[in-house]
Amino acid sequence: MATTTATTATKYWSGGKSPFNVEYGKLMMWYFLMSDAFTFGAFLISYGTTRFATNGWPNPNHVFNSFPGIQGNLPLLFVSLMTFILILSSVTMVLAVHEGHNMNKSGVAKYLILTILGGLAFLGCQALEWTHLHHEGAWWGRNPFPNADGSTSTTNFANFFFTITGFHGFHVFSGVIINIIMLIMTLKDKFEQRGHYLMIEKAGLYWHFVDLVWVFVFTCFYLI
Amino acid sequence: MEQITTAAIHHDKNVGGGRKEIFRVTIILSVLTIIELALGFSMYYITNVLTIHFIKGVIIILMLAKAFYIVGYFMHLKHELKNMIMTIVVPLLLFVWFILAFLTDGSSFNNLKNRYDGYYKEHMSQPMQKKEETKEEPEKKGTAD
């Protein structure tokens, strides 16, 4: 058995070992995330198709131009804050996974708490932004923002914005719940008893995926 | 049995660069985001359509670079076996076809509407009245309705 693997090229597909060399649950998490990527991809592509099938579109610099608590025209400032919150919470999640490799329980707990706080901060920002846009008169089926050239816009701008950022926000919410469960399991020594922190890695994959989707959503709605 | 295989995978895992790599990727992602935001903001002042299309193209390339760093380093895919990378990346190549096909279809539909639907073209080119231009200042705070 061992002699075949010691030869020049490792034969991953000839049996006896995992061709992917990842744990079952982690592989399945990857496949779930791939299917979720297709769901988000379908949403974003339908947004793109509708946008290509429409004359003109509102300029995000004119739509997203306010910051809670500060008066004045501040394009993209608030969404910059949201983006950095999510990137930093992704970094603390990587650090939690890293501490898990070192079997450092208190490190995992510390970074998981920071990740959860980041997720909650992002959700709070999104709630503020939705409330603000609702005040401006935007909602599903209602769009007060004219096209970039001042011509009549369609309600699809608001429809897609609220549907897709809402779906992403729901993913952030589930990610926060998953991370809270991971934190409880960590504090109850579940992973110490198992001898590994692989579950943190799976939660981490989900959390990074949420950050990854935000990279696309943020670019498609706020920048281009 | 289950415990043994899990432990074996855990031990011979290629962990990657550790904290140093995490720090480096964080810096790269932050810099890319700042460049993206600066480019997005620059379109506030630019009116030339070709320049805007060029900037949007650059932003999309930066977005793909960010996606690469998140998937490759944070999600650790770059340090996995090639078999593992291929089983995830190859199906996602379908997106290339989806995007090309659907966006082309959308733009063709728009051309047909503009050519044959007089009402659509007329209606869409009307200037839109801004409803609450003056109401905006006092209602700035995002508090509950």
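The preceding data block contains the structure.
Residues numbered from 1 in each chain as written. Chains lettered and ligands numbered in written order. Predicted model: local features only at pLDDT ≥ 70, side-chain atom pairs only at ≥ 80, totals over all residues. Heavy atoms only, no water.

This brings us to the overall build of chain A. Summing up its helical and strand segments, chain A has eight helices and zero strands in all. Tracing chain A from N to C terminus, the helices and strands come up as α-α-α-α-α-α-α-α. Against the globule reference of 17 Å for 224 residues, chain A gives a C-alpha radius of gyration of 22 Å, more extended than a compact globule. For chain A, the C-alpha atoms occupy an extent of roughly 75 × 40 × 25 Å along the three principal directions. For chain A, with 224 residues in total, the buried portion stands at 59%. Once local pairs closer than 6 in sequence are excluded, the contacts in chain A between residues at least 24 apart make up 70%. Here chain A has roughly 8,800 Å² of accessible surface; of this, 69% comes from carbon and sulfur atoms. (Helix = DSSP H or I, 4+ residues; strand = E, 2+ residues; numbered from the N terminus. Rg over C-alpha atoms; globule rule 2.2 N^0.38 Å. Buried < 20%, exposed > 50% of the residue type's maximum accessible area, 1.4 Å probe, protein only. Contact = heavy atoms within 4.5 Å. Areas by Shrake-Rupley, 256 points an atom, 1.4 Å probe, with all protein chains shown as cover.)

Now for the pattern of salt bridges. Summed over the entire model, instances satisfying the criterion amount to six salt bridges over all chains. Here E23 of chain A and K202 of chain A are joined by a salt bridge, their closest N and O atoms 3.2 Å apart. Of the two residues, E23 of chain A is situated in the loop between α1 (2–5) and α2 (24–52) and K202 of chain A in helix α8 (residues 198–223); the sequence distance between them amounts to 179 residues. According to the relative accessible area criterion, K202 of chain A is buried, its value standing at 12%. For E99 of chain A, the salt bridge is made with R19 of chain B, and the minimal N-O distance between the two is 3.1 Å. On the criterion of chain membership, the pair formed by E99 of chain A in helix α4 (residues 77–101) and R19 of chain B in helix α2 (residues 19–42) is interchain, its members lying in two chains. On the basis of relative accessibility, which here comes to 8%, the residue E99 of chain A falls in the buried class. Among the charged side chains, a salt-bridge network with shared partners connects K26 and E201 of chain A together with E80 of chain B. (Salt bridge = Lys/Arg side-chain N within 4 Å of Asp/Glu carboxyl O.)

A separate point is the nonpolar core. Formed by 91 residues in total, the largest nonpolar core has its most connected members in I200, W214, F221 and Y222 of chain A. For this core, the secondary structure elements donating two or more residues are α2, α4, α5 (105–136), α6 (156–187) and α8 of chain A together with α2, α3 (49–74) and α4 (82–92) of chain B. Counting residues per element, this core draws most heavily on α8 of chain A, at 17 residues. When near neighbours in sequence (up to four residues on either side) are disregarded, F221 of chain A contacts L44, Y47, P60, F64, F160, F161 and I164 of chain A. (Core = buried A, V, L, I, M, F, W, Y, C linked by side-chain atoms within 4.5 Å.)

Let us look at the packing of α2 of chain A against α6 of chain A. Residues and elements named next belong to chain A. It is the contact of α2 with α6, at a shortest axis distance of 10 Å, that shows an interaxial angle of 165°. In terms of orientation, α2 lies roughly antiparallel with respect to α6. Of the two elements, α2 crosses α6, and the hand of that crossing is left-handed. The residues of α6 that touch α2, namely those facing D36, T39, F40, F43, L44, S46, Y47 and T50, are N156, F160, T163, I164, F167, H168 and H171. Taken together, the residues of the contact of α2 with α6 sort by class into seven nonpolar, seven polar and one charged. (Axes fitted to C-alpha atoms, helices over the stretch in contact; angles between N-to-C directions. Parallel < 35°, antiparallel > 145°, perpendicular 65-115°, else oblique. Left-handed = near helix turned anticlockwise from the far one by under 90°. Nonpolar A, V, L, I, M, F, W, Y, C, P; charged D, E, K, R; others polar.)

A separate point is α2 of chain B. Given 3.6 residues to a turn, an α-helix orients residues that are three or four positions apart in the same direction. Its 24 residues give α2 of chain B an end-to-end C-alpha distance of 35 Å, which sits within 8% of 34 Å, the value for a rise of 1.5 Å per residue. E21, I22, V25, T26, L29, S30, L32, T33, E36, L37 and G40 of chain B are the residues of α2 of chain B that are buried. Against α3 (60–63), α4 and α8 of chain A together with α3 of chain B lie the buried residues of α2 of chain B. (Expected span 1.5 Å × (residues − 1).)

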